[in-house]
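Summary of structural features
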Amino acid sequence: MDAPATGWTENGTDRSPDATLIHRTLTEISPVADQATSYFYALLFIRYPDLRDLFPVSMDVQRDRLLRAILTAADRLDDPDALAEYLGELGRGHRKYGTLPAHYPAVGEALLGALSRYATTTWDAETEAAWVRAYTAISQIMIDAAAEDEQRAPARWHAEVVSHDLRTRDIAILTVRPDQAYPYLAGQYAAMETPWWPRNWRHYSFASAPRPDGLLTFHIKAVPAGWVSSALVYRARPGDILRLGPPTGSMTVDHSTHTGLLCLGGGTGIGPIKALVEDVAEHGDRRPVEVFYGARSGHDLYDIDTMMRLQKTYPWLEVRTVVSTGPGTEGALKGLLPEAVRQCGPWHEYDAYLSGPPGMIRSSVDVLRGIGMPAERIRHDCVEEMTTTGPA
Ligand SMILES: Cc1cc2nc3c(=O)[nH]c(=O)nc-3n(C[C@H](O)[C@H](O)[C@H](O)COP(=O)(O)OP(=O)(O)OC[C@H]3O[C@@H](n4cnc5c(N)ncnc54)[C@H](O)[C@@H]3O)c2cc1C
Ligand code: HEM
């Protein structure tokens, strides 16, 4: 599930008394969010220097995400079901960082320190008590979820690179062998850490449905000056050991219906789309699957051979290519992916699956909503997260 909110404050009415106090604090600190974040980490690391080792050396890319998540979760206390799902997944995911139950009070202390310093006009004993209750509830959900997860899954997996195939100047297909069973669903993704950038975790989507040999495949594009992606594309070699967090994400196929699948894969977004196609094939479904594979030019359609092979094998699958600027391949549609999809509609009987750069996902959602597709029939990875960590 996506984070429950995207901003520092959300509009709302009918709040509980605690939620009203919390919202008041958030409104006050919203304009000074950057300073509050810096102060939060300064307090945390000065008072608890041992915790610094859990975090990446450079924390500029996504340093506001921890505090922002606490604040947005606190602002959603009145929606316990959504919170429980989101925080449960977050708590399980925190095991890979080495987070322990004993660390939560330290973060809570830094949180209260930062809030009381930056919400000077609204902070009082009553507000502080509301925040303590909120943070305690949030932490407890994460701690409980992590404890439960500990009974059945490792905190992280080690995975040996078994093949590295440089497909274009900046895209590589990596296949890895996890050190123990790694159950996941087609369409999901995992956080990955490389030996070259310790504690810098980035998300990558599984580019095949679960395989009998247990190997995992990822399609990685090196982004300009991107630390982890460049290391994976230009440096990783067979024998290197990567670390993986648990599988996550909800862009998975609903096998309880026979609705068609409209799949949009932009760039390396074709990886998880290919996984979905394999998943449909394995389930023996004969439901229509329409894939739109977009890239800048025909040269960037690095996995077109695989997609065409799948199309030849499965009569229910149609693959169309869309190129935006450069020369295309034979039969490729010209223009932007969402526009091409719109022109080939209507898509009344389809569920949509979107994977690719955040801009592509946003404009695809707009186009699909514009042609009348209900929001609940459109599935994609977390766009907010991609905005902070960089798109595929
Ligand atoms: C759910 C999810 C699934 C993902 N799946 C994949 C996948 O399957 N394959 C894949 O290659 N990536 C995928 N990503 C993106 C990936 O997680 C990283 O964000 C990406 O590899 C960049 O990480 P980095 O460490 O190399 O760059 P960073 O060091 O984090 O960023 C370096 C700089 O580059 C900028 N930047 C980041 N991305 C881009 C970009 N595309 N173009 C230009 N500048 C950029 C950043 O803003 C920053 O200034 C996925 C992201 C999410 C959230
Ligand atoms: C209520 C409590 C907390 C919330 C809501 C929270 C939320 C988050 C979120 C949303 C992220 C972004 C990456 C991800 O989704 O995994 C994150 C990262 C992280 N969190 Fe937490 N967190 C909490 C408590 C803690 C605690 C107690 C620790 C341990 C000290 C911790 C350590 C980390 C680390 C090491 C990262 C990675 C940072 C990075 O990559 O820059 N978190 N947290």
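Residues numbered from 1 in each chain as written. Chains lettered and ligands numbered in written order. Predicted model: local features only at pLDDT ≥ 70, side-chain atom pairs only at ≥ 80, totals over all residues. Heavy atoms only, no water.

**Focus on the pairing of strand S1 (residues 157–166)**
Defined as follows: Strand pairing requires that DSSP identify at least two bridges connecting the strands. Segments assigned H or I by DSSP are reported as helices when at least four residues long, segments assigned E as strands when at least two residues long, and all are numbered from the N terminus.
Bridge count between S1 and strand S6 (residues 241–244): four bridges; the pairing is antiparallel. By the bridge assignment, His158 is partnered in S6 with Arg243. Hairpin geometry of S1 and strand S2 (residues 171–178) is characterised by an intervening segment of four residues between the two adjacent antiparallel strands.

**Quick notes on the domain arrangement of the protein chain**
We apply this condition: Boundary definitions for the domains trace back to an automatic or database domain assignment. Contacts are assigned to residue pairs with any non-hydrogen atoms lying within 4.5 Å of each other. Once two parts are joined, some of their accessible surface, as seen by a 1.4 Å probe, is lost; buried area is that loss totalled over both. Any pair of N or O atoms that falls within 3.5 Å is considered a polar contact. Within protein, one atom must be able to donate a hydrogen and the other to accept it, and sequence-neighbouring residues count only if both atoms are side-chain atoms. Throughout this entry, Asp, Glu, Lys and Arg are counted as charged residues, while Ala, Val, Leu, Ile, Met, Phe, Trp, Tyr, Cys and Pro are counted as nonpolar. The remaining residues, Gly among them, count as polar.
The domain boundaries assigned to the protein chain delineate domain 1 (17–150), domain 2 (157–244) and domain 3 (260–389). Just the C-alpha atoms count here: the centres of domain 2 and domain 3 sit 22 Å apart. Of the residues lining the interface, 17 residues belong to domain 2; the matching set on domain 3 comes to 17 residues. Both sides together, the interface formed by domain 2 and domain 3 hides about 1400 Å², and carbon and sulfur atoms give 55% of it. Looking at the side of domain 2 facing domain 3, the largest losses of area belong to Arg167, Ala209 and His219, adding up to 28% of the total buried there. Linking domain 2 to domain 3 there are five residue pairs in polar contact (both at pLDDT 80 or more). Within the residue set of the side of domain 2 that touches domain 3, elements represented by two or more residues are S2, strand S4 (202–205) and strand S5 (216–221). At three residues, S5 tops the list of elements feeding residues into the side of domain 2 that touches domain 3. Of the residues contributing to the side of domain 2 that touches domain 3, the split by class is nine nonpolar, six polar and two charged.

**Notes on the coordination of the iron atom of ligand 2**
Our working rule: Coordination partners: N, O, S within 2.8 Å of the metal, 3.2 Å for Na, K and Ca; water not considered, so apparent gaps in a site are possible.
Donor atoms from the protein around the iron atom of ligand 2 number only one, His94 (NE2), found at 2.1 Å. Mapped onto the secondary structure, His94 falls in the loop between helix H4 (80–93) and helix H5 (104–118).

**Some remarks on the confidence of the model for the protein chain**
Our working rule: pLDDT expresses, on a scale from 0 to 100, how confident the predictor is about each individual residue.
Considering every residue of the protein chain, the mean pLDDT works out to 91; 93% of them sit at 70 or more. A low-confidence stretch, residues 1–12 (pLDDT under 50), is modelled with 36 contacts involving residues beyond four sequence positions or located in other chains. Confidence drops under pLDDT 50 across residues 386–392; counting only partners more than four residues distant or on other chains, this segment forms 18 contacts.

**Overview of unusual backbone geometry**
That bond from Gly345 to Pro346 is cis: its omega, 5 degrees, falls within 30 degrees of zero. Relative to the helices and strands, Pro346 resides in the loop between helix H10 (337–343) and strand S11 (350–355). Of note in the backbone geometry, Arg199 takes a positive phi value of approximately 65 degrees without being a glycine. With respect to the helices and strands, Arg199 occurs in the loop between strand S3 (189–193) and S4.

**Some points on the pattern of salt bridges**
Rules: For this analysis, a salt bridge means a side-chain nitrogen from Lys or Arg found within 4 Å of a carboxyl oxygen belonging to Asp or Glu. Classification of residues uses two cut-offs on accessible area relative to the type maximum, computed with a 1.4 Å probe and protein chains only: under 20% is buried, over 50% is exposed, and between them is partly exposed.
As enumerated under the stated definition, the model contains 16 salt bridges in all. Linking Arg243 and Glu193 is a salt bridge whose minimum nitrogen-to-oxygen distance equals 2.5 Å. Residue Arg243 is found in strand S6, and its partner Glu193 is found in strand S3; the two are separated by 50 residues along the sequence. We classify Arg243 as partly exposed; its relative accessible area is 25%. Given a relative accessible area of 4%, Glu193 falls into the buried group. Taking the shortest distance from any N to any O, the salt bridge between Lys274 and Glu278 comes out at 3.0 Å. Of this pair, Lys274 and Glu278 are both found in helix H8 (residues 270–282), four residues apart, which corresponds to roughly one turn of the helix. Residue classification places Lys274 among the buried residues on the basis of a relative accessible area of 9%.

**Focus: the sheet that holds S6**
Quick reminder of the rule: Angles here are taken between N-to-C directions and fall from 0 to 180 degrees, while the axes themselves are lines fitted to C-alpha atoms, restricted in helices to the stretch in contact.
Pairing within the open sheet is antiparallel, and its six strands lie in the order S4-S3-S6-S1-S2-S5. Edge positions in the sheet fall to S4 and S5, since each has one partner strand and no second. Averaged over all pairs of adjacent strands, the angle between strand axes in this sheet comes to 45 degrees, irrespective of strand direction. By the bridge criterion, six bridges tie S2 to S5 in an arrangement that is antiparallel. Counterpart to Thr175 in the pairing with S5 is Thr217. Across the sheet, helix H7 (residues 227–235) is in contact with S1, S2, S3, S4, S5 and S6; its angle to S5 comes to roughly 115 degrees.

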